[in-house]
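Each chain, letter by letter, is given below.
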Protein chains: 2
Amino acid sequence: VKQLQHWIDSHFPSILEDLFTFYRFKTISADPTLHSEMKRCAQWLSDKMRALGCHAELIQTKGAPLVYAEDLSAGPRAPTLLIYGHYDVQPTDPLELWESDPFEPVERNGNVFCRGAQDDKGQIYYAIAALAALRGVQRSLPVNLKFCIEGEEEFGSNGLAAILPTLKKKLCADYLLIVDFGIPDAKTPAITLGARGIITLDLLLRGSCRDLHSGEFGGIAYNPNRALAELLAHMWDARGRIAIPHFYDDVEELSSSEQAQFTGWDETGIHDAHIHAFANPEGSSLFASNRLLPSLEINGIAGGYAGPGFKTVIPAEARAKISSRLVPRQDPEKMGHLISDFLKTRVRKGIEVKVTLHHGGKPFRAAPDSRLAQAAARAYEELFNKPCQKMLCGASIPIVADLQTIAGASVVGIGYGLPSDNIHAPNEHFGLDRFKQGILTVARLIEHLG
Amino acid sequence: VKQLQHWIDSHFPSILEDLFTFYRFKTISADPTLHSEMKRCAQWLSDKMRALGCHAELIQTKGAPLVYAEDLSAGPRAPTLLIYGHYDVQPTDPLELWESDPFEPVERNGNVFCRGAQDDKGQIYYAIAALAALRGVQRSLPVNLKFCIEGEEEFGSNGLAAILPTLKKKLCADYLLIVDFGIPDAKTPAITLGARGIITLDLLLRGSCRDLHSGEFGGIAYNPNRALAELLAHMWDARGRIAIPHFYDDVEELSSSEQAQFTGWDETGIHDAHIHAFANPEGSSLFASNRLLPSLEINGIAGGYAGPGFKTVIPAEARAKISSRLVPRQDPEKMGHLISDFLKTRVRKGIEVKVTLHHGGKPFRAAPDSRLAQAAARAYEELFNKPCQKMLCGASIPIVADLQTIAGASVVGIGYGLPSDNIHAPNEHFGLDRFKQGILTVARLIEHLG
């Protein structure tokens, strides 16, 4: 450990320099105009892996390329660890709320601020730096290493999902480590044993063939903004439960002892974000509502004119983006159709409705006692000198369930994210101390796995 | 009439040239960056009035300047007609739906397409051209003429409203002609005997101090988009009536004979706009709902990310722009507070709510048998050779009621707008035949008034 720590400390400036270069690529997977930037970043990343002695390649998908790298020097008898992360990031708007350029990393008070600071560039890069550290102290690797770093996690992982069946041999592994998770607070280590699935959809309501003057047509035309409000409001019942028929049918009931194993829960993030109105249905705790139950969110709404000044318009259209987080046994496609059917049948007659379902992702659940889970917990406990918690994640990594099946591996999630990191939001940041802990944790996990 | 018609026909090309110059000024009153463009347009307009022999001046307001012009050559014993219109226009978005540049007028099939083609540049300019025509045929004016052409009608007329008390002497008149209305269809003449008032407000809901990740906080944070949908949906009851307490308290009930006088009603515009879902409450006709009853519209909604791709965000804020059209006896300020109180008290606890009420405008109603109404009807009937209808307007011209009080005048509305002109919408247009009819109608109205 000391040797590793020393190597990391003495090489930290050059590691940060590379990390900052990685941050500067504008890898917003949702923005089709940035396709060449995705390629440049993937190329840079594979060059970096190659410099660390890996065999590395770019694998084309219908979207952003996948960076695949392997170091099989441990030999065919040693087990294989597949590490998953992503180099793409979320869009940056509302841009005006950023205190500094989202693609120019800036260090303030021990945190680096930029889009992707944590999610997932900062996290996957400490896993890469862990390989550099192990190589640096000239240890032979006790396990074969494979890296699968994709460029569309924030956009549904469609590209990777489509070619996954063709990658069975390449991704075959004993262990699958997902480096895209968090810890409940800065002082408490935790591994992640599951994440929710997700389905997303676009809803478009149309009330007329053109925007209308709200005086000329006010009281005549049923306004699509009103149709949208009334339709979306019906998605919940008076007790705060989701009112879409059959929505909870497939939800797995956990026994209280099963629930009790998940100890990593901290409400600091809730207080930090100044949240005073809550979405947990009557009779469910915040923990259950975020980790054990499916949720339904309106991620975006737009209709008419909402800019400065005023425009007295009845818009032709109103739209919403809706997502649902899913728990084990809920199938994304089935759930997407339930939501879509509800929206189509409940909208006011005469309003044209269009629902576009996107590719979803299944939830995953990991075995708490696998060798990988034990190695990860040991690496954390060594560093923090306290027991490692077991967490569930309310968020989603859409590809994990399928990746696990293809790899034939046992899975576990690790990470150093905190709820206060502002991921997917303005002023995303990551603590450099946590970044450094990440390097050591992954390096030691690899050693413990051997 | 023939002499006037001949003059108009032979001077039409140069009238159009001036009209197109007028159209090209980007006079969007809602856009504060266009302030100097407003001034340039007002200056151009007052120069034009001066060239027609008027005394003309720009009157500063806290917003866009007012163009005031007068021709008092009829002498102190002749009655005075005050003509009101506006040179400002609505914003142009969604810009991508325009088939040509909104500020470069283009003629297609006898219509001119541009922002303001009809509302109100096209309409007020035929009133100006009418003065040119009367001067052109060298008739002495039988009435004194005053023009009040403001630059903020589409933005609440705040500037004019604030200085109105100081303009009592200038605007003093016997008759007030509002040139900003329409006819039910291209073959039916009509005068307008009333318009609805309006109150507008901005609603902002805030659920947290920053945007949140919908996985991390989904099921925990009550989403402001959901809060907005639920709050707005409650503004109507199951019968489609507005559910805000006391909303209908001050609505004047018209007897059926009073209702029967308003004959100008045509549903072509409804069919042309492909409207298949309607907003009239149970038990009220479309006519009553648009002309005799107040209406409530959500003119804009926005929250979270609604652009291309997807962003799994729970936004910190969601917002809406809401307006209500008011009928006689309803006071804009009182109604604004009713709506505001409803929104503030009905929103889910824990959600921060901010309502910004804007300056409203009172409804107006004109006497159907004034000398002005008769002169206007006669001018129309002469041209169309059929009876002139009497209309109410569902839209609003916020300043009219106050203007009428200050001027001490009887009022009537005229115009050549059609519901299919796409005012306040992409591809606004105006028929050049109607523009020409407008010149003749105003010129003859002035003669009949003498």
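These figures come from a predicted structure and were not determined experimentally. Per-chain numbering applies: the sequence of each chain, read as written, is numbered from 1 onward. Each chain is given a letter, starting from A, and each ligand a number, starting from 1, according to the order in which they appear as written. pLDDT decides what is reported in this predicted model: residues at 70 or higher carry local features, side-chain atom pairs at 80 or more are listed and counted, and totals for whole chains, interfaces and linings draw on all residues regardless. By convention in this description, side-chain values take in all heavy atoms of the structure and omit both hydrogens and water.

Caption draft 1: Seen up close, the overall build of chain A. Secondary structure elements are taken from DSSP: a helix is a run of H or I of four residues or more, a strand is a run of E of two residues or more, and numbering for both begins at the N terminus. For chain A, the count of helices and strands is 13 helices and 18 strands. Taken along the three principal axes of its C-alpha coordinates, chain A extends 80 × 45 × 45 Å. Each residue's exposure class comes from its accessible area (1.4 Å probe, protein chains only) as a fraction of the maximum for that residue type: buried when under 20%, exposed when over 50%, partly exposed otherwise. Looking at chain A as a whole, 64% of its 450 residues qualify as buried. Two residues form a contact once any of their heavy atoms are found within 4.5 Å. Here the contacts in chain A between residues at least 6 apart in sequence split such that 81% fall between residues at least 24 apart.

Caption draft 2: Looking closely at the sheet that holds strand β18 (residues 429–431) of chain A. Residues and elements named next belong to chain A. Taken in spatial order, the three strands line up as β4-β5-β18 in an open sheet, and their pairing is antiparallel. Whereas interior strands pair on both sides, the edge strands pair on one side only; in this sheet they are β4 (106–108) and β18. Across the sheet, the axes of successive neighbouring strands diverge by a mean angle of 30°, strand direction being ignored. When DSSP finds at least two bridges between two strands, those strands are taken to pair. Bridge count for strand β5 (residues 111–113) against β18 is three bridges, and the pairing is antiparallel. Note that in β18 the partner of V112 across the bridge is F430. Angles shown run from 0 to 180 degrees and are taken between the N-to-C directions of axes, each axis being a line fitted to C-alpha atoms and, for helices, limited to the stretch in contact.

Caption draft 3: Looking closely at the relation of the copies chain A and chain B. The fit set for superposing copies consists of C-alpha atoms from residues with pLDDT of at least 70 in both; the fit itself is least squares. You can overlay chain A on chain B at an RMSD of 0.1 Å; the transform is a turn of 180° with a shift of 0.0 Å along its axis. The transformation just described matches what one would write down for a two-fold rotation axis. Of the interface residues in chain A, 100% have counterparts in chain B that sit at the interface too, so the contact is made through matching surfaces.

Caption draft 4: Fine view of the interface of chain A and chain B. Contacts between the two partners involve 92 residues from chain A, matched on the other side by 92 residues from chain B. Once two parts are put together, the accessible area they lose, assessed with a 1.4 Å probe and summed over both, is termed the buried area. When chain A packs against chain B, close to 7500 Å² is buried across both sides, 57% of that on carbon and sulfur atoms. Throughout this description, the term salt bridge denotes a Lys or Arg side-chain nitrogen within 4 Å of a carboxyl oxygen of Asp or Glu. There are two salt bridges connecting chain A and chain B. Residue B:D93 is joined to A:K311 by a salt bridge in which the shortest nitrogen-to-oxygen separation is 3.4 Å. Here a polar contact means two N or O atoms within 3.5 Å. Within protein one must be a hydrogen donor candidate and the other an acceptor candidate, and residues neighboring in sequence count only if both atoms are side-chain atoms. The tally of links from chain A across to chain B stands at 52 residue pairs in polar contact (both at pLDDT 80 or more). Taken together, the elements giving at least two residues each to the side of chain A that touches chain B come down to β9 (197–206), β10 (212–213), α6 (224–233), α8 (268–272), α9 (286–292), β11 (295–304), β12 (313–314) and β13 (317–326) of chain A. The greatest single-element share of the side of chain A that touches chain B, amounting to nine residues, is contributed by β11(A). Residues are grouped as follows: Ala, Val, Leu, Ile, Met, Phe, Trp, Tyr, Cys and Pro are nonpolar; Asp, Glu, Lys and Arg are charged; all remaining types, including Gly, are polar. When the residues that make up the side of chain A that touches chain B are grouped by side-chain class, the tally is 42 nonpolar, 33 polar and 17 charged.

Caption draft 5: Seen up close, the environment of B:I220. Residue and element names in this part refer to chain B. Along the chain, I220 turns up in the loop between β10 (212–213) and α6 (224–233). The buried category is assigned to I220, whose relative accessible area is 2%. A sequence separation of 192 residues divides I220 from I28, and the C-alpha atoms of the two residues are 43 Å apart.

Caption draft 6: View of helix α2 (residues 35–51) of chain B. The terminal C-alpha atoms of α2(B) lie 25 Å apart, and with 17 residues this matches the ideal 24 Å at 1.5 Å per residue to within 8%. Here the buried face of α2(B) lies against α1 (2–24), β1 (55–59), β2 (66–71), α3 (121–136) and β6 (144–150) of chain B. To estimate the expected span of a helix, count its residues, drop one, and scale the result by 1.5 Å.

Caption draft 7: Inspection of the pattern of salt bridges at higher detail. In total, this model carries 42 salt bridges over all chains according to the counting rule given. Between B:D202 and B:K321 there is a salt bridge, with the nearest N and O atoms lying 2.7 Å from each other. Placement of B:D202 in strand β9 (residues 197–206) and of B:K321 in strand β13 (residues 317–326) is noted, with a sequence separation of 119 residues between them. Like B:K321, B:D202 is buried. With its nearest N and O atoms 2.4 Å apart, the salt bridge here joins B:R206 to B:E317. Of the two residues, B:R206 is situated in strand β9 and B:E317 in strand β13; the sequence distance between them amounts to 111 residues. By relative accessible area, B:R206 is classed as partly exposed at 24%. One connected set of salt bridges, linked through shared partners, spans A:R206, A:E317 and A:R319.

Caption draft 8: Molecular detail of the sheet that holds β13(A). Read across the sheet, eight strands follow the order β14(A)-β9(A)-β13(A)-β11(A)-β11(B)-β13(B)-β9(B)-β14(B) without closing on themselves; strand pairing throughout is antiparallel. The outermost strands of the open sheet, each flanked by one partner alone, are β14 (352–357) of chain A together with β14 (352–357) of chain B. Neighbouring strand axes in the sheet, compared pairwise and without regard to direction, differ in orientation by 25° on average. Relative to β13(B), strand β11 (residues 295–304) of chain B is paired through eight bridges, and the arrangement is antiparallel. Paired with B:E297 across the bridge in β13(B) is B:S323. Helix α10 (residues 332–346) of chain A rests against β9, β11, β13 and β14 of chain A of the sheet, and its axis sits at about 25° to β9(A).

Caption draft 9: Molecular detail of helix α13 (residues 432–449) of chain B. Its 18 residues place the ends of α13(B) 26 Å apart at the C-alpha level, agreeing with the 26 Å of an ideal helix rising 1.5 Å per residue. Burial runs high along α13(B): 15 of the 18 residues are buried.

Caption draft 10: Expanded view of unusual backbone geometry. Backbone torsion omega between A:D93 and A:P94 reads 0°, so that peptide bond is classified as cis. The step from B:D119 to B:D120 runs through a cis peptide bond, and the omega angle for that step is -5°. Structurally, B:D120 can be placed in the loop between β5 (111–113) and α3. One non-glycine residue, B:N385, adopts positive backbone phi at about 55°. Looking at the element boundaries, B:N385 is found in the loop between α11 (371–384) and β16 (389–393). Owing to a relative accessible area of 71%, B:N385 belongs among the exposed residues under this scheme. Positive phi is not limited to glycine here, since B:N427 has a value of about 60°. Among the structural elements, B:N427 can be located in the loop between β17 (410–414) and β18 (429–431).

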